[in-house]
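# Tertiary structure, described
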Amino acid sequence: CRFWSDNWSPFGNLSVYLNLAPAARMGIPKTATISDLNHHGIWRLPPARSDNQVTLYAFLSTINLREGDDYVEWVMNDKITKTYSTGRVYTELKHHNPLVPWCKLVWISWGIPKHCFLTWLFIKDRCPTRDRLINWGLPTSPNCLLCNAPAESRDHIFFECPFAWSVWSRMSARCNLAPSRTWNQTISELQQLNRPRPNKLLCLLTWQCVIYLIWTERNNRLHRNTFRSPDSISSLVIS
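This report concerns the structure included in the present document. (Residues numbered from 1 in each chain as written. Predicted model: local features only at pLDDT ≥ 70, side-chain atom pairs only at ≥ 80, totals over all residues. Heavy atoms only, no water.)

### A few points about the pattern of salt bridges
Under the criterion given, the structure shown has 6 salt bridges. In this structure, arginine 221 engages glutamate 217 in a salt bridge whose closest nitrogen and oxygen atoms are separated by 2.7 Å. Linking arginine 221 with glutamate 217, this pair stays in helix α10 (residues 197–223), spanning 4 residues, or about one helical turn. Residue classification places arginine 221 among the buried residues on the basis of a relative accessible area of 12%. Residues arginine 228 and glutamate 217 are paired through a salt bridge, measuring 3.1 Å at the closest nitrogen-oxygen approach. Highlighted residues: arginine 228 in the loop between α10 and α11 (230–238) and glutamate 217 in helix α10, separated in sequence by 11 residues. Residue class for arginine 228 comes out partly exposed when judged on its relative accessible area of 26%. Glutamate 217 gets classed as buried once you look at its relative accessible area, which sits at 1%. The structure contains a network of salt bridges with shared partners spanning Glu217, Arg221 and Arg228. (Salt bridge = Lys/Arg side-chain N within 4 Å of Asp/Glu carboxyl O. Helix = DSSP H or I, 4+ residues; strand = E, 2+ residues; numbered from the N terminus. Buried < 20%, exposed > 50% of the residue type's maximum accessible area, 1.4 Å probe, protein only.)

### A closer look at unusual backbone geometry
In this model, proline 150 is joined to alanine 151 through a cis peptide bond whose omega is -5°. Mapped onto the elements of the fold, alanine 151 is located in the loop between α6 (130–135) and α7 (154–160). Put simply, phenylalanine 158 and phenylalanine 159 share a cis peptide bond, and its omega is 5°. Of note, phenylalanine 159 is situated in helix α7. Phi is positive for asparagine 148, close to 65°, though the residue is something other than glycine. Structurally, asparagine 148 can be placed in the loop between α6 and α7. Of note in this structure, asparagine 225 is not a glycine but carries a positive phi near 55°. With respect to the helices, strands and loops of the structure, asparagine 225 is situated in the loop between α10 and α11.

Here it is, written out as structure tokens:
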């Protein structure tokens, strides 16, 4: 364990703590270890010339060196461990926001990642629907690309739009759901589902798949000029 650079004391880097000049080390080599400075229990150190040196020497008097290899300890939240965990460090460093009530509707086990991610974007209303594009100042038609009615927005597509409603009402019926045409009501109903886990999982997977395929159809009409019917999209959900 290196005397100058290793974090073996509560004072951290000793060159900084003792406020020494870059080349000054009190006669102690840069690569000196703690054991190099202890001879049969006696510390071989120069006389203290500052209050910080006195504090350091007082701390050294409490240390008893033992035979054996050095090892590293990691301390997080006053808990000591001999193994380093990137996951634990990330968890401690990241900002912890409170859990949102819709979390379990989006990040579900057995979910398809691209479906989960797109659902999360729509939950946050971050997808470039035409109402958002217009708010950004982009010149574009406000009409929905699925039913040609104004104005295209998240709440319109899911599921005020007759085209999207045709798909969702059919798929929700297969899941024994009472579908709603409003986004907020749909979220509320899915949050309150009280069913066995496999049935609930099936409902959420179906809902996310409908969102993904309807948005894909909307983009295909915009960028590729290709069109599919509600029956075709419903068949894709089932398959």
